[in-house]
Amino acid sequence: MNTSLRRAVYAGSFDPPTNGHLWMIREAQAMFDELVVAIGINPDKQSTYSVAERVAMLEAITDIFPNVRITTFENRFLVNYAHGIDAHFIVRGIRTASDYEYERSMRYINSDLRPSISTVFLMPPREFAEVSSTMVKGMVGPNGWRHMVRRYLPQPVYDKILSDHEGSED
């Protein structure tokens, strides 16, 4: 791989990708030559969407960014995955004080493991600060969910969730 590229990794479960994730991707891809959006696969975690579905959703919402690549990884620490693809940066989002405390600790551990990899923290704007995949999934179902969920998801992701719930009441 070309190590002169400023390559970063933005990892998560993306189950499903939200407008907050898209904001992070948009900001990070502008900062680096290449942004690798990596779906971390945790076999102990029950996902709503398959890896293939999450890859497809991420590809659909990032197709306007030529320097973004979607990948997956499993059974590896993120910092070791980043090292394996010659990324020198890990991008993480900070929404809350508890996010900051957790991510700060991880940054120090990652630095112990791979001192050559830096962590870059991005803080999304207020309208995305409270949005999480778990929150969005929890809204699906009750009357009026379509209107509520729509505001938090990129169009291709919203379309996928609608097609998965065809015939359910709104």
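Note: the structure precedes this text.
To keep things clear, this report deals only with the structure shown in the data block. (Residues numbered from 1 in each chain as written. Predicted model: local features only at pLDDT ≥ 70, side-chain atom pairs only at ≥ 80, totals over all residues. Heavy atoms only, no water.)

Bringing the pairing of strand β1 (residues 7–12) into the picture now. Counting buried positions along β1 yields 5 of 6 residues, so the element is predominantly enclosed. Bridge analysis of β1 against strand β2 (residues 34–41) gives 6 bridges, and the strand direction is parallel. In the sheet register, A11 faces β2, and the bridge partner there is A38. Chirality of the crossover, the property in question, places the unit of β1, helix α1 (residues 19–31) and β2 among those that are right-handed. Pairing geometry for β1 and strand β4 (residues 89–93), over 3 bridges, is parallel. Among the inter-strand pairings, A8 is bridged to a residue of β4, identified as F89. (Buried < 20%, exposed > 50% of the residue type's maximum accessible area, 1.4 Å probe, protein only. Helix = DSSP H or I, 4+ residues; strand = E, 2+ residues; numbered from the N terminus. Pairing = 2+ DSSP bridges. Right-handed = clockwise from strand over helix to strand, strands pointing away.)

Before going further, it helps to spend a moment on the pattern of salt bridges. This model, assessed by the stated rule, comprises 8 salt bridges. The structure contains a network of salt bridges with shared partners spanning R7, E34 and R69. (Salt bridge = Lys/Arg side-chain N within 4 Å of Asp/Glu carboxyl O.)

It is worth spelling out the packing of aromatic side chains at this point. A full pass over the atoms with the stated rule returns 3 aromatic pairs. Plain terms: the ring middles of F32 and F89 are 5.0 Å apart, the flat faces sit at 45° to each other, and that makes the pair tilted. With F32 in the loop between α1 and β2 and F89 in strand β4, this residue pair connects regions lying 57 residues apart in the sequence. We note that F32, like F89, is buried. Taking 4.6 Å as the distance between ring centres and 15° as the angle between the ring planes, the aromatic pair formed by F73 and Y81 counts as stacked. Side by side, F73 and Y81 carry an identical accessibility label, which is buried. (Phe/Tyr/Trp six-rings, centres within 6.5 Å; stacked < 30°, edge-to-face > 60°.)

This brings us to the layout of surface pockets. Taking a probe equal in size to a water molecule and rolling it over the atoms shows the remaining empty space. Volume-wise, the largest pocket comes out at about 1200 Å³. Lining the largest pocket are 45 residues, and of these A11, G12, S13, R92 and E103 lie nearest its centre. Taken together, the elements giving at least two residues each to the lining of the largest pocket come down to β1, α1, β2, β3 (68–74), α3 (78–84), β4, α4 (97–113) and α6 (133–139). With 8 residues, α4 is the single largest residue contributor to the lining of the largest pocket. When its residues are assigned to classes, the lining of the largest pocket shows 19 nonpolar, 16 polar and 10 charged. (1 Å grid on protein atoms, 1.4 Å probe; cavity = no way out; pocket = protein on both sides within 12 Å on 5 of 7 lines; lining within 4 Å. Points joined across faces, edges and corners; volume = space filled by probe spheres on them. Nonpolar A, V, L, I, M, F, W, Y, C, P; charged D, E, K, R; others polar.)

Time to look at the nonpolar core. Ranked by size, the top nonpolar core spans 36 residues in total, and within it I25, L35, V37, L58, V91 and V149 carry the most contacts. If you tally residues by element for this core, the top one is α1, at 5 residues. With near-sequence residues (within four places) excluded, V149 lies in contact with V136, M139, V140 and Y158. Within the second largest apolar cluster, 13 residues are counted, among which are A11, F73, L78 and Y81. (Core = buried A, V, L, I, M, F, W, Y, C linked by side-chain atoms within 4.5 Å. Contact = heavy atoms within 4.5 Å.)

With that settled, consider the sheet that holds β2. Sheets are built from strands that pair by backbone hydrogen bonding, the pairs being arranged parallel or antiparallel. Pairing within the open sheet is parallel, and its 5 strands lie in the order β3-β2-β1-β4-β5. Strand pairing shows two members of the sheet lacking a second neighbour, β3 and β5 (118–122), which therefore form its edges. Neighbour to neighbour, the strand axes of the sheet diverge by 30° on average, direction disregarded. Where β4 and β5 come together, 5 bridges link them in parallel fashion. In the sheet register, R92 faces β5, and the bridge partner there is F121. Here helix α2 (residues 51–62) sits on the sheet in contact with β2 and β3, set at roughly 160° to β3. (Axes fitted to C-alpha atoms, helices over the stretch in contact; angles between N-to-C directions.)

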